[in-house]
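Structure assessment
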Amino acid sequence: MTTFVELLLGGLSIGSVYALIALGFVVIYKATEVVNFAHASLLLAGGYLTAVLHDDIGFWPALAVGVAGAAAVGAAVELLVIRRYRGGDHSVLAIVTIGVDILLTTELTRRMGTDVLPLGDPWGNGVVTVGGVTLAQTRIAAFVAAALLITVFLLAFRFTSWGVSMRAAAENPQTAALMGIRLGRVSLAAWAVAGALAAVAALFLTVFPTPGLERATSLAALKAFPAAILGGLDSTTGALAGGLLVGVTESFATGYQSDLSFLGRGIGDLAPYLVMLVVLLIRPAGLFGTKEPARV
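Residues numbered from 1 in each chain as written. Predicted model: local features only at pLDDT ≥ 70, side-chain atom pairs only at ≥ 80, totals over all residues. Heavy atoms only, no water.

Here we look at the overall build of the protein chain
Selection criterion: Under the scheme used here, helices are H or I runs from DSSP no shorter than 4 residues and strands are E runs no shorter than 2 residues, and both carry numbers assigned from the N terminus. The globule rule is 2.2 Å times the number of residues to the power 0.38, and the radius of gyration it is compared with is taken over C-alpha atoms. Buried means the residue's accessible area, taken with a 1.4 Å probe over protein chains only, is under 20% of the maximum for its type, while exposed means over 50%, and partly exposed covers the values in between. By definition, residues are in contact when any of their heavy atoms lie within 4.5 Å.
Within the protein chain, the secondary structure is distributed over 11 helices and 2 strands. Mapped in sequence order, the helices and strands of the protein chain form the string α-α-α-α-β-β-α-α-α-α-α-α-α. Here the protein chain has a C-alpha radius of gyration of 19 Å; the compact-globule value for 296 residues is 19 Å, and the two agree. Evaluated residue by residue, the protein chain yields a buried proportion of 47% over its 296 residues. Restricting to contacts in the protein chain with at least 6 residues of sequence separation, those with at least 24 account for 77%.

So, in structure tokens, the structure goes:
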């Protein structure tokens with residue numbers, strides 16, 4: 001029972017981090033209807049800036065620079081690439097983001113080399129034990145930070161002028177533009193917010209028990225992509241639910257891997273995609289996604 005509780009809490013913690021990344025996918029999609037495959041490079045950029053600066057200026061200032069830097073990279077991608085092709089085929093734009101991801105990831109991995117970069121977080125390898133259940137302090141911090149950020153985002157999305165503009169642009173961009181909403185600003189802000197969320201997620205993906213930031217860290221965005229899809233790519237609530245579901249599934253599949261040996265090795269890495277396929281077979285639009293009306 002103790003193992004079950006530890007795996008559940010650990011899954012909820014890492015799932016909340018996946019939810020931050022998935023929320024970035026959703027925000028960009030709602031603003032531009034583009035699936036952003038460059039999200040992994042935004043995550044890597046934020047983590048890299050934090051890692052290289054924390055020795056010189058301290059952890060919290062370095063994290064602030066990492067978040068601001070990833071937001072700036074996201075805004076630059078929108079301004080220099082996406083905006084030039086606005087009004088074009090969204091499938092083509094998605095492919096363009098793949099090229100952007102390859103370019104940014106190649107440059108960042110060239111700078112990192114084969115090194116594993118610590119981010120200098122204040123939690124270290126400390127653990128908390130309550131009633132026989134042991135959980136790393138970094139996992140608790142990840143859950144609390146993700147919960148606060150997601151709550152702030154949802155409140156801003158619901159009550160601020162930016163949130164209203166975002167929802168209007170997602171509902172009907174042509175009408176929103178006619179009503180005076182500047183779609184360019186909405187799109188720019190969405191990419192910046194997605195970059196900032198990715199930078200925070202990079203922190204909690206690279207702290208204990210993970211040794212640090214490395215080239216493979218960006219692959220975590222690929223685990224968050226199923227979370228965005230199965231939750232509904234146009235649903236902010238779905239991103240949260242999808243992230244938690246993927247995190248818990250991955251945690252249990254990895255923790256009980258010896259009992260699932262008949263499914264092959266590495267089932268924990270495959271589990272999120274299996275869950276996504278099962279959900280999409282039942283609900284093609286995702287758990288909370290909007291079902292597109294079809295005229296017959």
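Things to note about the packing of helix 2 (residues 39–57) against helix 4 (residues 90–112)
What counts, and what does not: Axes, fitted as lines to C-alpha atoms, cover a helix only where it is in contact. Angles between the N-to-C directions of the axes lie from 0 to 180 degrees. We call two directions roughly parallel when the angle between them is under 35 degrees, roughly antiparallel when it is over 145, roughly perpendicular when it lies between 65 and 115, and oblique otherwise. Helix crossings fall into two classes, left-handed where the near helix is turned counterclockwise from the far one by less than a right angle and right-handed where it is turned clockwise. Ten residue types, Ala, Val, Leu, Ile, Met, Phe, Trp, Tyr, Cys and Pro, are classed as nonpolar, four, Asp, Glu, Lys and Arg, as charged, and the remainder, Gly among them, as polar.
For the pair helix 2 and helix 4, the least separation of the axes is 9 Å and the interaxial angle reads 30°. For the element pair helix 2 / helix 4, the angle class is roughly parallel. When you trace helix 2 past helix 4, the crossing you get is left-handed. For the pair helix 2 and helix 4, the contacting residues are Ala40, Ser41, Leu44, Ala45 and Tyr48 in the first and Asp101, Leu104, Thr105, Leu108, Thr109, Arg111 and Met112 in the second. Of the residues contributing to the contact of helix 2 with helix 4, the split by class is 7 nonpolar, 3 polar and 2 charged.

Points about the nonpolar core
We apply this condition: Among buried residues, those of type Ala, Val, Leu, Ile, Met, Phe, Trp, Tyr and Cys that are joined through side-chain atoms within 4.5 Å constitute a nonpolar core.
Core analysis: the biggest nonpolar cluster contains 61 residues, and Ile21, Phe204, Leu205 and Leu213 have the highest contact counts within it. At 12 residues, the largest contribution of residues to this core is made by helix 1 (residues 2–32). When residues no more than four places from it in sequence are discounted, the contact partners of Ile21 are His39, Leu43, Ala201, Leu205, Ala220, Ala221 and Ala224. Formed by 9 residues, the second largest nonpolar core is a distinct cluster that contains Val34, Val77, Ile82 and Ala194.

Considering the packing of helix 1 against helix 6 (residues 161–171)
Contact pair helix 1 / helix 6: the axes reach a minimum separation of 7 Å and the direction vectors enclose 60°. Judged on the interaxial angle alone, helix 6 and helix 1 are oblique. Where helix 1 approaches helix 6, its residues Val27, Lys30 and Ala31 are matched on the opposing element by Met166, Ala169 and Ala170. Residue composition of the contact of helix 1 with helix 6, by class: 5 nonpolar, no polar and 1 charged.

Topic: the packing of aromatic side chains
Spelled out, the test is: Note on aromatic pairs: the rings of Phe, Tyr and Trp (six-membered ring only in Trp) are paired at centre separations within 6.5 Å, and the planes decide the class, stacked below 30 degrees, edge-to-face beyond 60, tilted for the rest. The criterion for a charge sitting over a ring is simple: Lys NZ or Arg CZ within 6 Å of the ring centre, and within 35 degrees of the ring normal.
Applying the stated rule across the entire model yields 10 aromatic pairs. Measuring from ring centre to ring centre gives 5.1 Å for Phe4 and Phe252, while their planes differ by 25°; the resulting arrangement is stacked. Note that Phe4 is positioned in helix 1 and Phe252 in helix 10 (residues 236–255), a separation of 248 residues in sequence. Using a relative accessible area of 19% as the deciding quantity, one classes Phe252 as buried. An angle of 70° between the planes, with centres 4.8 Å apart, marks the rings of Phe59 and Trp60 as edge-to-face. An aromatic cluster is present here, built from Phe59, Trp60, Trp123 and Phe204 joined pairwise through their rings. Geometry around Phe159 places Arg158 over its ring, the cationic atom sitting 5.5 Å from the centre. One Lys or Arg, Arg167, reaches over the ring of Phe157 and ends 6.0 Å from the middle of that ring.

Just distances and angles here, no functional claims.
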